[in-house]
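Analysis of the macromolecular model
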Amino acid sequence: MASADLDQLRSAVDGGFDRAVGDLKDLVRIPSVSWSAYDRAHVAASAEAVRELVAGTGLFDEVRIEQVNDEQGREGQPAVLARRPARNGAPTVLLYAHHDVQPWGDEALWRTPPFEPTEVGERLYGRGASDDKAGVMTHVAALRALAETHPDPDLGVVVFIEGEEEFGSRSFGRFLQTHAETLAADVIVVADSDNWSTEVPSLTVALRGNVTFRLAVRTLDHASHSGMYGGAVPDAMLAAIRLLDTLWAADGSVAVAGLTSHDAPTPERSEEQLREEAALLEGVQPIGSGSVLSRMWFQPSITITGMDAPSVADASNTLLPEVAVRVSARIAPGQSAQSAFDALRTHLEANAPFGAHVEISDVDLGEPVLVDVDGWAAGEAQGAMAEAWGAEPVLQGIGGSIPFIAQLVAQFPEAQILVTGVEDPETMAHSPNESQHLGVLRKAILAEAALLARANARPVR
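Reference entry: report on the structure contained in this document. Predicted model, so just to flag it, every value in this text is computed and none were measured.

Observations regarding the sheet that holds strand β11 (residues 301-308)
In space, the four strands of this open sheet follow the order β11-β13-β9-β14, with antiparallel pairing throughout. At either end of the open sheet lies a strand with only one pairing partner, and these are β11 and β14 (357-366). On average, adjacent strands in this sheet sit at an angle of 20 degrees to one another, irrespective of strand direction. Pairing between strand β9 (residues 209-218) and β14: eight bridges, direction antiparallel. Following the sheet pairing, Arg218 is matched in β14 by His357. Lying on the sheet, helix α7 (residues 236-245) is in contact with β9, β11, β13 (322-331) and β14; it crosses β9 at an angle near 150 degrees.

Next comes the structure, spelled out in structure tokens:
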């Protein structure tokens, strides 16, 4: 991009940045948790706020709120949808983000109120301040800058701001099918990932998939006195602990036959940096083998994220008849989620100790993704990032999962996928004290505005 054009975009982004931060704060104040146990009215309010922001860019004749039911007939959460047709052979770019957020958890763990956006130094704290309402504002602010510097662009633009990503995007597939014509694009920008650091951007090119399910372990028809029968009768807790321990090798790496790894080089990251970023306590050792990033990007992992069992305060002297846990596995790129689930189910059924009964339910599968970076859009994105950040982007993997990207690939196989984001290693998305680095947000907005301007100048038809 010519330096004069970049300077104009930078001026537009800088001039609108305070407004963008103010709009982000307004979005954060809406507790738009999309989980079924929470008030849907907040998600609806968030969708309306986003609709007004997108409409305010002046680039669209119509910005509407849409929702569809999922495949089980459950009502989906509201999404914001808009389309500006391309002209004169210009490409169409779809901008995706989500306006729903994770539950806030124990408010006592927050240093600032989760839904009262608070600036501390260079960071804005609040639930959704980064994941992913900052992604929403990256799109809105980039479109504002594009409209200011290119008042009537030829570029086609689609905006799709989802309302239930944090609840598994349950109606996503049906939404894509229902609105396929509106959503069709040459390039899809998913603003829901992170960056290498606050000074170095990233383009995410690999994501692990996920397999989650409820595992129940039963050994008794009813609870029994632990003094009367302990030592002769296996309780469900004992069986569950023994069974779960078979999932890992001695070094903490996964020990389930059939779960595969992906072979690819990774940048260097020291264990010291890992310890600092992950907040390992003194004396606690990392797990697994291979390079640090290969463990998080390209190898499977298994985590027990919840347990149904009596609390310590309510514990009585009984042998528990049943214990249930939530198993969350991350699947390496290159393996299907179904084959990974089959491997886990086979392992658990084969290793149940003492003849314990195991039952698996509430299964959720998400496919891993490997992004093709050979297309023109990836090249333009890397150039735009380098211009905006003053540093070359890192092509990185992510240990987390964005399963709907595989659905986008299936629905729009010819589209080029770009996974960008506004997070950094200190964002703490999904955790108490989530925050957005405002310097990163500014650079992310400029990078996306530059990408849109580059695409506008690049006819493909």
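So that's the structure; there's more coming.
A few points about the nonpolar core
One finds Val54, Phe60 and Leu418 to be the most contacted residues of the largest nonpolar core, which totals 64 residues. Sorting elements by how many residues they give to this core places helix α13 (residues 438-456) first, with 13 residues. Residue contacts for Leu418: discarding those within four places in its chain leaves Val187, Ile188, Val189, Val190, Leu203, Ala377, Ala378, Ala381 and Leu451. Residues Leu207, Val369, Ile402 and Phe404 belong to the second largest nonpolar core, which totals 27 residues.

Regarding the side chain of Arg269
For Arg269, the location among the structural elements is in the loop between α7 and α8 (271-278). Note on Arg269: relative accessible area 12%, which makes it buried. Engagement of the side chain of Arg269 in a polar contact is seen with the side chain of Glu277, the distance being 3.1 Å. The residues contacting Arg269, other than those within four sequence positions of it, are Trp196, Glu277, Val292, Leu293 and Met296.

Focus: empty space enclosed by the protein
Following the criterion strictly, the structure yields two cavities of 30 Å³ or more and no others. Here the largest cavity defines a volume of roughly 160 Å³. As for the largest cavity, its lining consists of 17 residues, and the residues nearest its centre are Met385, Thr420, Ala444, Ala447 and Glu448. Elements that contribute at least two residues to the lining of the largest cavity include exactly β7 (187-194), α11 (376-389), β17 (416-423) and α13. Here the residues of the lining of the largest cavity are counted per class, giving 11 nonpolar, five polar and one charged.

Side note on the sheet that holds strand β4 (residues 118-120)
Sheets are built from strands that pair by backbone hydrogen bonding, the pairs being arranged parallel or antiparallel. If you trace the three strands from one edge of the open sheet to the other, you get β4-β5-β18, paired in antiparallel fashion. In this open sheet, the two strands that pair with only one neighbour each are β4 and β18 (435-437). Across the sheet, the mean angle separating the axes of adjacent strands is 25 degrees when strand polarity is ignored. Pairing geometry for strand β5 (residues 123-125) and β18, over three bridges, is antiparallel. Directly across from Arg123, in β18, lies its bridge partner His437.

Observations regarding the packing of helix α3 (residues 133-149) against α13
Following both chains from N to C, one finds α3 and α13 inclined at 50 degrees, their axes separated by 8 Å at the closest point. Classified by the angle between their axes, α3 and α13 sit oblique to one another. Crossing geometry of α3 relative to α13 is assigned as right-handed. Contacts between α3 and α13 involve Ala134, Met137, Thr138, His139, Ala141, Ala142, Leu143, Ala145 and Leu146 on the former and, on the latter, Leu441, Ala444, Ile445, Glu448, Ala449, Leu452 and Ala453. Looking at the contact of α3 with α13 residue by residue, the classes come out as 13 nonpolar, two polar and one charged.

What about the packing of aromatic side chains?
Scanning the entire structure with this criterion turns up 10 aromatic pairs. Aromatic pair Trp104 and Phe115: ring centres 5.3 Å apart, planes at 85 degrees, arrangement edge-to-face. Here the residue Trp104 occupies a position in the loop between β3 (92-98) and β4, and Phe115 occupies one in the loop between β3 and β4, the gap between them amounting to 11 residues. Through successive ring pairs, a cluster of aromatic residues spans Tyr96, Phe160, Phe172, Phe175 and Phe404. Seen from the ring of Trp196, Arg269 lies directly overhead, with NZ or CZ sitting 4.7 Å from the centre. The ring of Phe17 carries the charged tip of Arg442 above its face, separated from the ring centre by 4.1 Å.

Quick word on unusual backbone geometry
In this structure, Asp132 follows Asp131 across a cis peptide bond, with omega equal to 5 degrees. Within the element layout of this structure, Asp132 appears in the loop between β5 and α3. Even without glycine at this site, Ser169 takes up a positive phi of about 45 degrees. Summarising the element assignment, Ser169 is placed in the loop between β6 (156-162) and α4 (172-178). Despite not being glycine, Asp362 shows a phi value in the positive range, around 55 degrees.

Conventions and cut-offs
- Residues numbered from 1 in each chain as written.
- Predicted model: local features only at pLDDT ≥ 70, side-chain atom pairs only at ≥ 80, totals over all residues.
- Heavy atoms only, no water.
- Pairing = 2+ DSSP bridges.
- Helix = DSSP H or I, 4+ residues; strand = E, 2+ residues; numbered from the N terminus.
- Axes fitted to C-alpha atoms, helices over the stretch in contact; angles between N-to-C directions.
- Contact = heavy atoms within 4.5 Å.
- Core = buried A, V, L, I, M, F, W, Y, C linked by side-chain atoms within 4.5 Å.
- Buried < 20%, exposed > 50% of the residue type's maximum accessible area, 1.4 Å probe, protein only.
- Polar contact = N/O pair within 3.5 Å; in protein donor to acceptor, adjacent residues only side chain to side chain.
- 1 Å grid on protein atoms, 1.4 Å probe; cavity = no way out; pocket = protein on both sides within 12 Å on 5 of 7 lines; lining within 4 Å.
- Points joined across faces, edges and corners; volume = space filled by probe spheres on them.
- Nonpolar A, V, L, I, M, F, W, Y, C, P; charged D, E, K, R; others polar.
- Parallel < 35°, antiparallel > 145°, perpendicular 65-115°, else oblique.
- Left-handed = near helix turned anticlockwise from the far one by under 90°.
- Phe/Tyr/Trp six-rings, centres within 6.5 Å; stacked < 30°, edge-to-face > 60°.
- Lys NZ or Arg CZ within 6 Å of the ring centre and 35° of its normal.

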